[in-house]
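Structural overview
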Amino acid sequence: MPDLDLGLATDWDEGDTHGRVRLRQNQKYPSSPKKDVLISSPVSIELCVNTNYSTSQEADKIFFTTHYGCMKKVIGVLDSQGNLSISGRLMEMQNNLSYD
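What you see is a predicted model, and the numbers here were worked out from it, not measured in a lab.

**A look at the sheet that holds strand β2 (residues 18–25)**
Ordered by their spatial adjacency, 3 strands build an open sheet running β1-β2-β3, and the pairing between neighbours is antiparallel. The open sheet terminates on both sides in strands that have one partner only, identified here as β1 (4–8) and β3 (35–40). Strand-to-strand twist across the sheet, computed as the mean angle between neighbouring axes with direction ignored, equals 20°. As paired strands, β1 and β2 are joined by 4 bridges and run antiparallel to one another. Pairing of Leu 8 across the sheet is with His 18, part of β2.

Written out as structure tokens, the structure reads:
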């Protein structure tokens, strides 16, 4: 699958000026044939919800999911009122958050 070029970010003139969706080599397992999905842009990533300006909040959510074994788990939900719900527990952050 080639990169999906989202076009020029016209307010950014340094380095890569295009936003992209791409598959990249798995960072944790570099020899694996599986790829990671990467969404990138020069400055930030914007997730839009409720773009049709509906008044019903029930479906206007962004779900953050992961797989744990064969089960798909919701680890976070962001609704269009800005409420963020996170599953799990808070843990003290490590000093180095880079991939192994």
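**Some thoughts on the layout of surface pockets**
Roughly 310 Å³ of volume is contained in the largest pocket. Taken together, Arg 24, Asn 26, Lys 28, Tyr 29, Lys 34, Lys 35, Asp 36, Val 37 and Leu 38 form the lining of the largest pocket. Counting residues per element, the lining of the largest pocket draws most heavily on β3, which supplies 4 residues. For the lining of the largest pocket, the per-class residue count stands at 3 nonpolar, 1 polar and 5 charged.

**Focus: the sheet that holds strand β6 (residues 84–86)**
Strand order across the open sheet formed by 3 strands is β4-β5-β6, with antiparallel pairing between neighbours. Single-partner strands in this sheet number two, and they are β4 (61–68) and β6. Strand-to-strand twist of the sheet, defined as the mean angle between neighbouring strand axes without regard to direction, takes the value 25°. Across 8 bridges, the pairing between β4 and strand β5 (residues 71–79) is antiparallel. Counted as the bridge partner of Phe 63 is Val 77 from β5.

**Some points on the packing of aromatic side chains**
A full pass over the atoms with the stated rule returns 0 aromatic pairs. When the ring centre of Tyr 68 is taken as reference, the NZ or CZ atom of Lys 73 above it lies at 5.6 Å.

What counts and how
- Residue numbers run consecutively from 1 along every chain, following the written order of its sequence.
- Only residues with pLDDT of at least 70 get local features here, since the model is predicted, and only at 80 or more are side-chain atom pairs given and counted; chain-wide, interface and lining totals rely on the full set of residues.
- Side-chain metrics rest on all non-hydrogen atoms present in the structure, leaving aside hydrogens and water.
- Two strands pair if DSSP finds at least two bridges between them.
- In this description a helix means any DSSP run of H or I spanning at least four residues, a strand means any run of E spanning at least two, and both kinds are numbered starting from the N terminus.
- Interaxial angle, 0 to 180 degrees, is taken between N-to-C directions of lines fitted to C-alpha atoms, where a helix line uses only the stretch in contact.
- Think of a 1 Å grid over the protein atoms and nothing else: a 1.4 Å probe that fits but is trapped marks a cavity, an open set flanked by protein within 12 Å on at least five of seven lines marks a pocket, and residues with an atom within 4 Å of a point count as lining.
- Grid points are joined across faces, edges and corners, and a volume is the space filled by probe spheres set on the points.
- Each residue is assigned to one class: nonpolar for Ala, Val, Leu, Ile, Met, Phe, Trp, Tyr, Cys and Pro, charged for Asp, Glu, Lys and Arg, and polar for all the others, Gly among them.
- To pair, rings of Phe, Tyr and Trp, with the six-membered ring standing in for Trp, must have centres within 6.5 Å; the planes then decide the type, stacked if under 30 degrees apart, edge-to-face if over 60, and tilted in the middle.
- Throughout this description, the term charge over a ring refers to an Arg CZ or Lys NZ atom that lies within 6 Å of the ring centre and within 35 degrees of the ring normal.

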